[in-house]
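# Commentary on secondary and tertiary structure
Given next are the chains, with one letter for each unit.
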Amino acid sequence: MPNGWVHSVIDLIAYGRPYFGLHKKKDKPHEILGSNHRIVNHNWYQAYGRLWDFQDPFPSWLKESIRILGNEEGAEKVEEQMAWIDHDYIDKIWDTISAQEKKYREGFFAWILFNPEILKEWAGVDVLYGRIQRLIDGHEILEYCPELKSEYKRLCKYVNAVKENDESLKNMIDSYGRKEFRPDFG
């Protein structure tokens with residue numbers, strides 16, 4: 001399984017928010033169950049082969065249920081639900097790749113995290129000013145999200161600590177051209 005911070009960077013790219021707490025909560029059973037933790041809080045992971053596969057990871061009935069959730073509870077709840085489900089999808093993908101590929105992907109996601117200009121231009125997430133590019137009713141807007149700056153800062157601090165204890169991750173990030181990033185929002 002990928003580290004929670006990897007899930008959070010993927011969500012930052014996909015949704016504009018890292019949902020770090022959500023991933024920690026989802027994987028909390030790991031503390032007791034170890035690698036068997038996916039029997040708790042990982043229903044979509046467990047449904048692989050029955051309700052979904054890699055050819056159709058998010059079937060139309062799931063998309064429809066998420067659409068209905070959005071109508072009833074709003075966009076924020078939808079994103080949280082999507083992050084909860086895609087966590088299991090990413091876990092399943094992680095099961096299929098080699099240790100070396102996992103390390104390369106960790107390096108890539110850490111590098112992306114430490115490059116706010118790339119997050120802004122490529123993913124539409126302006127972590128320095130707390131804005132997320134959204135498509136609403138066919139119009140692109142920059143949505144202000146005041147929590148984003150502190151969430152990003154927390155995630156950077158965490159990944160910097162991980163990097164300091166992981167020589168290969170540190171070497172990858174150094175070779176990509178960014179040693180660390182400590183956002184200063186003044």
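Residues numbered from 1 in each chain as written. Predicted model: local features only at pLDDT ≥ 70, side-chain atom pairs only at ≥ 80, totals over all residues. Heavy atoms only, no water.

Closest axis-to-axis distance for the helix α1 (residues 4–15)/helix α7 (residues 99–113) pair is 10 Å, and the angle between their directions is 55°. Between α1 and α7, the angle is such that the two are oblique. You can see that α1 and α7 cross each other, and the crossing is left-handed. Seen from α1, the contacting residues are W5, V6, V9, I10, L12 and I13; seen from α7, they are E106, F109, A110, I112 and L113. Residues of the contact of α1 with α7, tallied by class, amount to 10 nonpolar, no polar and one charged. (Axes fitted to C-alpha atoms, helices over the stretch in contact; angles between N-to-C directions. Helix = DSSP H or I, 4+ residues; strand = E, 2+ residues; numbered from the N terminus. Parallel < 35°, antiparallel > 145°, perpendicular 65-115°, else oblique. Left-handed = near helix turned anticlockwise from the far one by under 90°. Contact = heavy atoms within 4.5 Å. Nonpolar A, V, L, I, M, F, W, Y, C, P; charged D, E, K, R; others polar.)

Looking now at the packing of aromatic side chains. The description of an aromatic ring pair uses the distance of the two centres, along with the angle that the planes make with each other. Inspection of the entire model under this criterion finds 11 aromatic pairs. Members of the aromatic cluster, joined through ring pairs, are W44, Y48, W52, F54, F58, W61 and Y89. A cation over a ring is seen here: R17 above Y19, with NZ or CZ 5.8 Å from the ring centre. When the ring centre of Y45 is taken as origin, the NZ or CZ atom of K92, which lies over that ring, is 4.3 Å away. (Phe/Tyr/Trp six-rings, centres within 6.5 Å; stacked < 30°, edge-to-face > 60°. Lys NZ or Arg CZ within 6 Å of the ring centre and 35° of its normal.)

Here we come to the sheet that holds strand β3 (residues 139–144). Judged by pairing direction, the sheet is antiparallel, and its three strands sit side by side in the order β1-β2-β3 without closing on themselves. Looking at strand neighbours, the two that pair on one side only are β1 (125–126) and β3, the edges of this open sheet. Pairing analysis gives six bridges linking strand β2 (residues 131–136) to β3, with the strands arranged antiparallel. Counted as the bridge partner of R131 is Y144 from β3. (Pairing = 2+ DSSP bridges.)

If you check α1, its first and last C-alpha atoms are 16 Å apart, about what 12 residues at 1.5 Å a residue would give, namely 16 Å. Among the 12 residues of α1, 10 are classified as buried, and the element is accordingly described as predominantly covered. Along α1, the residues that are buried comprise W5, V6, H7, S8, V9, I10, D11, L12, I13 and Y15. (Expected span 1.5 Å × (residues − 1). Buried < 20%, exposed > 50% of the residue type's maximum accessible area, 1.4 Å probe, protein only.)

For Y19, which is not a glycine, the phi torsion comes out positive at approximately 45°. Topologically, Y19 is positioned in the loop between α1 and α2 (20–26). Residue classification places Y19 among the buried residues on the basis of a relative accessible area of 10%. Phi angles above zero are rare outside glycine, and D137 is one such case at about 50°. If you trace the backbone, D137 turns up in the loop between β2 and β3.

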